[in-house]
Amino acid sequence: MKILIKDILPNESFYSYLSRLYVHSGIANHIEFRKMVFKRSNEYLDYNFVNVLSDEFMKEINEKIGFENIMLNHTLFKYYVRFLPKDKKLLAWSKALENCNCLDDYLNLPKYRGNNNLRYCSECVKEDRLKFGESYFHIEHNIQNINYCSKHCCKLKNTNIEITKSKERNLIPLELVVEDLNTEYIDKDDINIKVVKYNVKSLLDDNDIEDLIFERITEDDLKDYTEKDKETAYIYYLMNKG
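Positions within a chain are numbered from 1, following the residues in the order the chain's sequence is written. Per-residue local features are limited, in this predicted model, to residues with pLDDT of at least 70; the limit for side-chain atom pairs, both in listing and counting, is 80 or more; totals at the level of whole chains, interfaces and linings are taken over all residues. For side-chain calculations, the full set of non-hydrogen atoms in the structure is used, while hydrogens and water are omitted.

Caption draft 1: Geometry of the overall build of the protein chain. Strands here mean DSSP runs of E at least two residues long; helices mean DSSP runs of H or I at least four residues long; both are numbered from the N terminus. Counting its secondary structure elements, the protein chain contains eleven helices and four strands. Expressed as a percentage of its 242 residues, the buried residues of the protein chain come to 50%. The contact definition used throughout considers only heavy atoms, calling two residues in contact when any of these lie within 4.5 Å. Considering only residue pairs separated by 6 or more positions, the protein chain has 71% of its internal contacts joining residues 24 or more positions apart. About 13000 Å² of surface is accessible on the protein chain, with carbon and sulfur atoms providing 46% of the total. Here's how the labels work: a residue is buried when its accessible area is under 20% of the maximum for its type, exposed when over 50%, partly exposed in between, all with a 1.4 Å probe on protein chains only. Only the protein chains shown count as cover for residues, and the accessible areas themselves come from Shrake-Rupley with a 1.4 Å probe.

Following this line, the structure appears as structure tokens:
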């Protein structure tokens, strides 16, 4: 059974996209769905990036959406790569393009502490339902320790979906777990909002991704990389920079 590729929505996390796709696919068993989209169906669900996809599903993604688009606009890649030195940015991008299951190691991701749940903005939910007919998880709301929506200047709401490594986790779309639509606003000049806006801007900015990853890259920067890394990162850059 071929899965119909739905449009991914603005700033939607890839986890959210897969969850909506699963619900709309008509496949009754989430395990069967995971077998179709993931290369290893028993892998932990990745809420912030992309699990290793099956060859067939990757082909469909590239034809309809574009895997580079997924990595840059629907994961936290742009947010975390900015903290890396130039040479490690290049290597992280090459690994991202390979859709490897070790990307966390190359981005030096912080460990989640305590209970961390997927969150949503009540105002975003209302707007998305009006515009798209359903709500979805926004990738910017996944940033660790970001507790406010930068667009609406209000507190984010927790769902009961924990960001944790568990092979038993199902793909659950936001529509099934939204409970509270009351909005608790905070002053737009509050320092918390300013910090959120600064952090979210690095993720949602649509420009300078080339400079972010490949700024002043020279042949010397590549001398310690393998040929495979060069093919998946630097050569890709050369082909698309002009």
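On we go.
Caption draft 2: Summary view of the pattern of salt bridges. Here a salt bridge means any side-chain nitrogen of Lys or Arg lying within 4 Å of a carboxyl oxygen belonging to Asp or Glu. Taken as a whole, this structure holds ten salt bridges when the rule is applied. For K39, the salt bridge goes to D55, with nearest N and O atoms at 3.1 Å. Linking K39 in the loop between α2 (30–37) and α3 (55–64) with D55 in helix α3, this pair joins segments that are 16 residues apart in sequence. Residue classification places K39 among the partly exposed residues on the basis of a relative accessible area of 47%.

Caption draft 3: Expanded view of the pairing of strand β4 (residues 157–162). What you see with β4 is a clean split: K157, T159 and I161 sit on the buried side and N158, N160 and E162 on the side with no burial. With three bridges connecting them, strand β1 (residues 117–120) and β4 associate as antiparallel partners. Bridge pairing links N117 to E162 in β4. By definition, two strands form a pair when at least two bridges between them are found by DSSP.

Caption draft 4: Layout of the nonpolar core. Think of a nonpolar core as a cluster: buried Ala, Val, Leu, Ile, Met, Phe, Trp, Tyr and Cys residues, connected wherever their side-chain atoms sit within 4.5 Å. Counting 59 residues, the largest nonpolar core has F14, F77 and L107 as the members making the most contacts within it. Looking at which element gives the most residues to this core, the answer is helix α1 (residues 14–25), with six residues. Beyond its immediate sequence surroundings of up to four residues, L107 is in contact with F49, F77, Y80, V81, L84 and A92. Counting five residues, the second-largest nonpolar core is a separate cluster that includes C121, C149, C154 and L156.

Caption draft 5: Region of the structure containing the state of the cysteines. Any cysteine sulfur atom paired with another within 2.5 Å is treated as part of a disulfide. Per the counting criterion, the structure on display carries zero disulfides. C153 carries a free sulfur, and the closest cysteine sulfur to it, the one in C149, is 7.7 Å from it. By relative accessible area, C153 is classed as buried at 11%.

Caption draft 6: Molecular detail of the layout of surface pockets. In this analysis the probe radius is 1.4 Å and the grid spacing 1 Å, with only protein atoms considered; a cavity is a set of points the probe fits into but cannot get out of, a pocket is an open set with protein on both sides within 12 Å along at least five of seven lines, and lining residues have an atom within 4 Å of a point. Grid points are joined across faces, edges and corners, and a volume is the space filled by probe spheres set on the points. Here the second largest pocket is characterised by a volume of approximately 210 Å³. In terms of lining residues, the second largest pocket is bounded by 15 residues, among which E127, D128, Y136, H138 and K151 are the most central. For the lining of the second largest pocket, the element with the highest residue contribution is helix α8 (residues 122–132), accounting for five residues. For this classification, the nonpolar set comprises Ala, Val, Leu, Ile, Met, Phe, Trp, Tyr, Cys and Pro, the charged set comprises Asp, Glu, Lys and Arg, and every other residue, Gly included, is treated as polar. Classifying every residue of the lining of the second largest pocket by side-chain character gives six nonpolar, four polar and five charged.

Caption draft 7: Spotlight on the environment of I70. In this fold, I70 is placed in helix α4 (residues 67–73). Accessibility expressed as a relative area gives 0% for I70, which makes it buried. Residues I70 and I8, spaced 62 residues apart in sequence, show a C-alpha to C-alpha distance of 8.9 Å.

Caption draft 8: Molecular detail of the side chain of E12. Its location among the elements puts E12 in the segment before α1. One polar contact links E12 to S16, side chain to side chain, over a distance of 2.8 Å. Here E12 is in contact with Y17, R20, H74, Y136, F137 and I139, once residues within four sequence places are set aside. Pairing of N or O atoms within 3.5 Å defines a polar contact, subject to two protein rules: one partner must be a possible hydrogen donor and the other a possible acceptor, and residues neighboring in sequence count only if both atoms are side-chain atoms.

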